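# Per-entry structural report
Chain residues, written in single-letter form:
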Amino acid sequence: MNVPVVLMLTTLPDAESAGALAQAVLEARLAACVTRLGAVESHYHWKGALESSEEVQVLLKTSVARSEELQRFIEARHPYETPEFLVWQADASPGYGQWVNAETQRPLHV
Amino acid sequence: MNVPVVLMLTTLPDAESAGALAQAVLEARLAACVTRLGAVESHYHWKGALESSEEVQVLLKTSVARSEELQRFIEARHPYETPEFLVWQADASPGYGQWVNAETQRPLHV
Amino acid sequence: MNVPVVLMLTTLPDAESAGALAQAVLEARLAACVTRLGAVESHYHWKGALESSEEVQVLLKTSVARSEELQRFIEARHPYETPEFLVWQADASPGYGQWVNAETQRPLHV
């Protein structure tokens, strides 16, 4: 049986800020895996003008249970005024889905 | 409250055609953001043989309201006979979702 | 009318293993197109430590009818102990969707 998990896509200004976000998210156990994709070039309207930026795209994989907390965590730390932040549900294979759920268990504070 | 938006994935032969498509789509206010990902290598069957091509992958983000019009726009201008054209819905964070909706308002013709 | 198709995302250790998987999948007619994306850097917990790996991300496009068989095929051949394996449904444009369905017809054994 496949396991539902959550994919989150965002962009960061550079590899350094993407790496820092990955580290913070993993230490908080809010995602099981953070994939930094290569450089991308985004084209968009911003305050009335056509702009483009080099960015780094990041795909995070987390459990359904922790996805809202991950979103709040990223929104609080993201360097942009209006970051790209996209979420959708996917099915993971049983082994990968169980791993995602296990790695995003909330740490015990005893 | 997260906001539903539409993701569209297509591939173009090179960075130049990807840039031209991004520009046309944004000028028509049919997407809020067009992200050109790095070069990809596609492997596929075509007319009976195994082929591979270097391509440029493009991810477009638009509103639910404008997604059908964006699809028709791209299909009419795409240089391939049978372009890759994939669409799925995602949830955007409130700020990003409102920005996508605002940037894809149909222009007023007065 | 758009046509439902299935997207599958996995990662492989390098371009060579990604190319071999693409070839095997296409020869078995289990996907219509396999896109090898550029190098990615994955950050994750593994057996208690924070790890990162350079990997190659692969996006496969197949029909709804063949997606379970594709998943079993990849799980049986993937070099990792717990490979990333994510699946979600998308809508393809009519032309692309019909092509995906046609290219993933099970071969006749007569």
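Summary of the structure given here.

Parameters and conventions
Residues numbered from 1 in each chain as written. Chains lettered and ligands numbered in written order. Predicted model: local features only at pLDDT ≥ 70, side-chain atom pairs only at ≥ 80, totals over all residues. Heavy atoms only, no water. Helix = DSSP H or I, 4+ residues; strand = E, 2+ residues; numbered from the N terminus. Buried < 20%, exposed > 50% of the residue type's maximum accessible area, 1.4 Å probe, protein only. Contact = heavy atoms within 4.5 Å. Areas by Shrake-Rupley, 256 points an atom, 1.4 Å probe, with all protein chains shown as cover. Salt bridge = Lys/Arg side-chain N within 4 Å of Asp/Glu carboxyl O. Least-squares fit on C-alpha atoms with pLDDT ≥ 70 in both. 1 Å grid on protein atoms, 1.4 Å probe; cavity = no way out; pocket = protein on both sides within 12 Å on 5 of 7 lines; lining within 4 Å. Points joined across faces, edges and corners; volume = space filled by probe spheres on them. Nonpolar A, V, L, I, M, F, W, Y, C, P; charged D, E, K, R; others polar. Polar contact = N/O pair within 3.5 Å; in protein donor to acceptor, adjacent residues only side chain to side chain. Pairing = 2+ DSSP bridges.

## What about the overall build of chain A?
Secondary structure summary: chain A contains three helices and four strands in total. Its C-alpha atoms give chain A principal-axis dimensions of roughly 50 × 35 × 20 Å. In chain A, which comprises 110 residues, the share counted as buried stands at 55%. Here the analysis covers contacts within chain A between residues at least 6 apart in sequence; of these, 75% occur between residues at least 24 apart. Surface accessibility of chain A: about 4900 Å² in total, with carbon and sulfur atoms responsible for 51%.

## Things to note about the pattern of salt bridges
This structure, assessed with the given rule, holds 18 salt bridges over all chains. A salt bridge links Glu84(C) to Lys61(A), with the nearest nitrogen and oxygen atoms 2.8 Å apart. Pair noted here: Glu84(C) is in the loop between α2 (67-77) and β4 (85-92) and Lys61(A) is in strand β3 (residues 49-63), and the two residues belong to different chains. Residue Lys61(A) is classed as buried on the basis of its relative accessible area of 0%. Within this structure, Arg66(A), Glu69(A) and Arg106(A) form a network of salt bridges that share partners.

## Examining the relation of the copies chain A and chain C
After a rotation of 120° and a shift along the axis of 0.0 Å, chain A superposes on chain C with an RMSD of 0.0 Å. Such a turn and shift between the copies fits a three-fold axis. In terms of proximity to the rotation axis, the leading residue of chain A is Gly38(A), whose C-alpha is 3.9 Å off the axis. Little of the interface of chain A is mirrored in chain C, where only 4% of its interface residues are also at the interface.

## Things to note about empty space enclosed by the protein
The final tally for this structure, using the stated rule, is one cavity of 30 Å³ or more. Approximately 230 Å³ is the volume attributed to the largest cavity. As for the largest cavity, its lining consists of 16 residues, and the residues nearest its centre are Leu9(A), Leu37(A), Trp88(A), Leu37(B) and Leu37(C). When residues of the lining of the largest cavity are traced back to their parent elements, those giving at least two are β1 (3-12) and β3 of chain A, β3 (49-63) of chain B together with β3 (49-63) of chain C. Its residues assigned to classes, the lining of the largest cavity comprises 13 nonpolar, three polar and no charged.

## Here we look at the interface of chain C and chain B
Contacts between chain C and chain B engage 28 residues on the former and 20 residues on the latter. For the pair chain C and chain B, the number of links is two salt bridges. Applying the counting criterion to the chain C and chain B interface returns eight residue pairs in polar contact (both at pLDDT 80 or more). Those elements giving two or more residues to the side of chain C that touches chain B turn out to be β1 (3-12), α1 (15-27), β2 (33-46), β3, β4 and α3 (94-103) of chain C. Take the side of chain C that touches chain B: its biggest share by element is six residues, from β2(C). Residue classes in the side of chain C that touches chain B are distributed as 15 nonpolar, seven polar and six charged. Inspection of the sheet shows strand β2 (residues 33-46) of chain B paired to β2(C) by four bridges, in the antiparallel sense. Residue pairing in the sheet places Tyr44(B) in a bridge with Cys33(C) of β2(C).

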